[in-house]
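Structural overview for review
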Amino acid sequence: MEIDRVNELLCELGRRLRTARIERNDTMEVFAQRLGVSVGTVRAMERGAPTVQIGAWLNALWILNQLDTITHVLEPKESLLDRIRAQEKGLRKRASRRPP
């Protein structure tokens, strides 16, 4: 398990969140109010704390108009066999040649 990698990613997300908040010219207080969380939660998010609920992160992405960036996470992957079946389904088939 790559816990260090997870921590790095959370810290990077926190830095990006802080940058986006500052670009919007929002104080922590204003951003926290928009999110419906405490200033401490926003601070924890910006630090990359792993204890912040995912709902707070999703709300932050929505506020920043970035929610679409996460919509494909854990999306079912289409297998090669599924793609072949879908292609075959779309092909037109001839009627069988039965004797009259």
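Now for a look at the structure at hand.

So, how was this worked out
- Residues numbered from 1 in each chain as written.
- Predicted model: local features only at pLDDT ≥ 70, side-chain atom pairs only at ≥ 80, totals over all residues.
- Heavy atoms only, no water.
- Salt bridge = Lys/Arg side-chain N within 4 Å of Asp/Glu carboxyl O.
- Helix = DSSP H or I, 4+ residues; strand = E, 2+ residues; numbered from the N terminus.
- Buried < 20%, exposed > 50% of the residue type's maximum accessible area, 1.4 Å probe, protein only.
- Patch = residues over 30% accessible without salt bridge, like charges linked within 9 Å, V, L, I, M, F, W, Y side chains within 5 Å.
- Areas by Shrake-Rupley, 256 points an atom, 1.4 Å probe, with all protein chains shown as cover.

1. Observations regarding the pattern of salt bridges
A pair can form between side chains of opposite charge whenever their charged atoms are brought close. Under the definition given, this model contains six salt bridges. Residues glutamate 8 and arginine 5 are paired through a salt bridge, measuring 3.6 Å at the closest nitrogen-oxygen approach. Of this pair, glutamate 8 and arginine 5 both sit in helix H1 (residues 3-23), three residues apart, which is roughly one turn of that helix. Looking at arginine 5, the relative accessible area reads 42%, which means it is partly exposed. The partner of arginine 34 in a salt bridge is aspartate 26, with the nearest N and O atoms 2.7 Å apart.

2. Notes on the environment of arginine 16
Secondary-structure assignment places arginine 16 in helix H1. Sequence separation of arginine 16 and glutamate 46 is 30 residues, and the distance between their C-alpha atoms is 8.0 Å.

3. Remarks on a nonpolar patch on the surface
Together, Ile54, Leu58, Trp62 and Leu67 make up a nonpolar patch on the protein surface, roughly 420 Å² of accessible area in all. Here isoleucine 54 lies in helix H4 (residues 54-63).

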